[in-house]
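Close look at the chain arrangement
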Amino acid sequence: MKRKVISMLMIAAMTASLAACGSTTASTDSDASADAAQTEESGDASASAAGGKIGISMPTQSLERWNRDGAYLDEQFKAAGYETVLTYSDNDSGKQVNDIQNMLADGVDLLIVAAIDGEALNTAMNEAADANIPVIAYDRLILNDAVSYYVSFDNYTVGTLQGQFIVDQLDLDNAGDTTYNIELTAGDPADNNATYFFGGAMDVLTPYIEAGTLNVVSGQTDFDTVATAQWNTDTALERAQNVLSSYYADGTQLDAWLCSNDSTALGVSQAITSDYAGSNTVLITGQDGDEANLRNIVDGIQTMTVYKNVSNESIVTLGLVEAIMSGETIDASLADTFGVECTYDTESYETSEGNKCPSFLLVPNVITKDNLQDLVDTGLYTMGDDGYLSAAN
Ligand code: GAL
């Protein structure tokens, strides 16, 4: 009900603000590792009049996937006739609040936000609510009731795919008395997704840990201990080096390392390459299909990644925005119109206790050395003669 009211008010607000459209917008990210700052030209005046102005707030360019998300969202909204304002906030929540406030001042009609910290955007979210601007939480949920909808992948399933992959590869159901050694690395505690990924994986792995088939030699199993602030590769690398020197320097064999995503898997892989005394291949999981990790998969250094097609995520987001803008009723039937496998879920996510957030959840897939061609088939990657994949531009 609240959302419908917001939609109606938003359309009124949009009509009022269209006259102000047509300015040039800029996006910058000063992360040291980021590519050169981009400048986004907004759509032409007639195109923006057809659509409206959309604020796209991304967390950082220092993690590969968000560069793709920002580019796809920007391209697809522009192609559909919207004007866009795209910002990256250097993994700094204060900057993200500021960036969103600037978008509101700039007269955006709707916000798409991938939060750096799901609990740190209240100032900006409350301003959006006061201005009746709908907010779509993109990929990461924002814990504020100003959020109208959530578009993401099934984050819990990402974790269960990683856990089940380890179970299947080590054939734990037929392990008999054999014990396999494992370590765990989770994501950023500020990212609402991180506990879903870790929780999904641990729901699969815990019965094997309890049965003694899997042994976490370091004893480090709780989320806070194994979490990685900002999904930072160097942080994951350092912790992995500490674990290896403290628990494996005596020649103890390590069989698997659960990593919640590719940036952390990269750090863990580096630590294993440089600091692991054993000669066996350590099974390493990941998520995102980052180029360096796909290279490691080809080279047998990382074993799998959970791939999330973020071009499809932006298609679903665009479809949802079109429905909001035209005042359509938003329900499960909308999910069938996107041409992308996706479910409508009104139970799994809450923006505050008891306040369920209607969500459109896409389906993640396991990628290994054996099905890299599936990525090429998406048209979003190319395979070089050397067998390595590059993201197609
Ligand atoms: C998560 C996202 C993952 C991964 C990670 C690090 O929120 O769902 O795909 O990219 O952040 O940025």
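Just so we're clear, the structure is a prediction, and the values are computed from it rather than from any experiment.

Below, the discussion takes up the overall build of the chain. In terms of regular secondary structure, the chain is built from 14 helices and 17 strands. Across the 393 residues that make up the chain, the buried fraction comes to 55%. Here the analysis covers contacts within the chain between residues at least 6 apart in sequence; of these, 70% occur between residues at least 24 apart. Carbon and sulfur atoms make up 46% of the accessible area of the chain, which amounts to about 15,400 Å² in all.

It is worth spelling out the sheet that holds strand β14 (residues 359-362) at this point. Pairing between sheet strands relies on hydrogen bonds along the backbone, with the strands arranged either parallel or antiparallel. Strand order in the open sheet formed by seven strands is β2-β1-β3-β4-β5-β14-β11, and the pairing between neighbours is mixed. Bordering the open sheet on either side are β2 (83-88) and β11 (342-345), each of which pairs with just one other strand. Neighbour to neighbour, the strand axes of the sheet diverge by 20 degrees on average, direction disregarded. Alignment of strand β1 (residues 53-58) against strand β3 (residues 110-113), held across four bridges, turns out to be parallel. When the sheet's bridge partners are listed, isoleucine 54 is paired in β3 with leucine 110. On top of the sheet, helix α4 (residues 93-105) reaches β1, β2 and β3; it is set at about 175 degrees to β1, its chief contact.

Not every one of the 13 residues close to the ligand is listed here, only the nearest: Arg65, Asp139, Arg140, Asp191 and Asp288. Between the ligand and aspartate 288 there is a distance of 2.7 Å, counted from an oxygen atom to a side-chain nitrogen or oxygen. For the ligand, whose free accessible area comes to 300 Å², the fraction covered by protein is 100%. Mapped onto the shell around the ligand, the elements with two or more residues apiece are α3 (64-79) and α7 (192-210). Looking at the shell around the ligand residue by residue, the class counts come to four nonpolar, three polar and six charged.

A word on the environment of isoleucine 100. Here isoleucine 100 shows up in helix α4. The class of isoleucine 100 is buried, set by a relative accessible area of 0%. It is 8.6 Å that separates the C-alpha atoms of isoleucine 100 and valine 113, two residues lying 13 residues apart in sequence. Sequence-distant contacts of isoleucine 100, defined by excluding residues within four places in its chain, comprise Ser57, Leu111, Val113, Leu121, Ala124 and Met125.

Moving on to the sheet that holds strand β8 (residues 256-259). The strand order β7-β6-β8-β9 describes an open sheet built from four strands, whose pairing is parallel. Here the strands that pair on one side only, and so sit at the sheet edges, are β7 (214-216) and β9 (283-284). Here two bridges tie β8 to β9, and the two strands are oriented parallel to one another. Within β9, the position partnered with tryptophan 257 by the bridge is isoleucine 284. Most of the contacts of helix α6 (residues 155-169) go to β8, to which it runs at about 165 degrees, and overall it touches β6 (180-185), β8 and β9. Each of β6 and β8 touches helix α9 (residues 233-248); the most contacted strand, β6, lies at about 150 degrees to it.

For the pair helix α10 (residues 262-275) and helix α11 (residues 291-298), the least separation of the axes is 9 Å and the interaxial angle reads 50 degrees. The orientation of α10 relative to α11 falls into the category oblique. When the axes of α10 and α11 are compared, the crossing they make is left-handed. Only Ala292, Asn293 and Asn296 of α11 make contact with α10, whose side of the interface consists of Asp262, Ala265, Leu266 and Ser269. Partitioned by chemical class, the residues of the contact of α10 with α11 number three nonpolar, three polar and one charged.

A word on the pattern of salt bridges. Evaluated as defined, the whole model comprises eleven salt bridges. Between arginine 140 and aspartate 191 there is a salt bridge, with its nearest N and O atoms 2.9 Å apart. Here arginine 140, found in the loop between β4 (135-138) and β5 (147-153), pairs with aspartate 191, found in the loop between β6 and α7; they are 51 residues apart in sequence, far enough to count as distant. In this structure, glutamate 350 and lysine 356 form a salt bridge, with 3.2 Å as the shortest nitrogen-oxygen distance. For glutamate 350, a relative accessible area of 29% translates into the label partly exposed.

It is worth spelling out the confidence of the model for the chain at this point. Segments scoring low in pLDDT should not have their predicted coordinates read at a detailed level. Taken residue by residue, the chain gives an average pLDDT of 90. The fraction at 70 or more is 87%. Overall, residues 1-49 carries pLDDT values under 50, and its contacts beyond four positions in sequence, including any with other chains, amount to 88 contacts.

The next subject is the side chain of threonine 60. If you trace the backbone, threonine 60 turns up in the loop between β1 and α3. On the accessibility criterion, threonine 60 (1% relative accessible area) is buried. Reaching out from threonine 60, the side chain makes a polar contact with the side chain of serine 62 at a distance of 2.8 Å.

Cut-offs applied
- Residues numbered from 1 in each chain as written.
- Predicted model: local features only at pLDDT ≥ 70, side-chain atom pairs only at ≥ 80, totals over all residues.
- Heavy atoms only, no water.
- Helix = DSSP H or I, 4+ residues; strand = E, 2+ residues; numbered from the N terminus.
- Buried < 20%, exposed > 50% of the residue type's maximum accessible area, 1.4 Å probe, protein only.
- Contact = heavy atoms within 4.5 Å.
- Areas by Shrake-Rupley, 256 points an atom, 1.4 Å probe, with all protein chains shown as cover.
- Pairing = 2+ DSSP bridges.
- Axes fitted to C-alpha atoms, helices over the stretch in contact; angles between N-to-C directions.
- Near = heavy atom within 4 Å.
- Polar contact = N/O pair within 3.5 Å; in protein donor to acceptor, adjacent residues only side chain to side chain.
- Nonpolar A, V, L, I, M, F, W, Y, C, P; charged D, E, K, R; others polar.
- Parallel < 35°, antiparallel > 145°, perpendicular 65-115°, else oblique.
- Left-handed = near helix turned anticlockwise from the far one by under 90°.
- Salt bridge = Lys/Arg side-chain N within 4 Å of Asp/Glu carboxyl O.
- pLDDT = per-residue confidence, 0-100.

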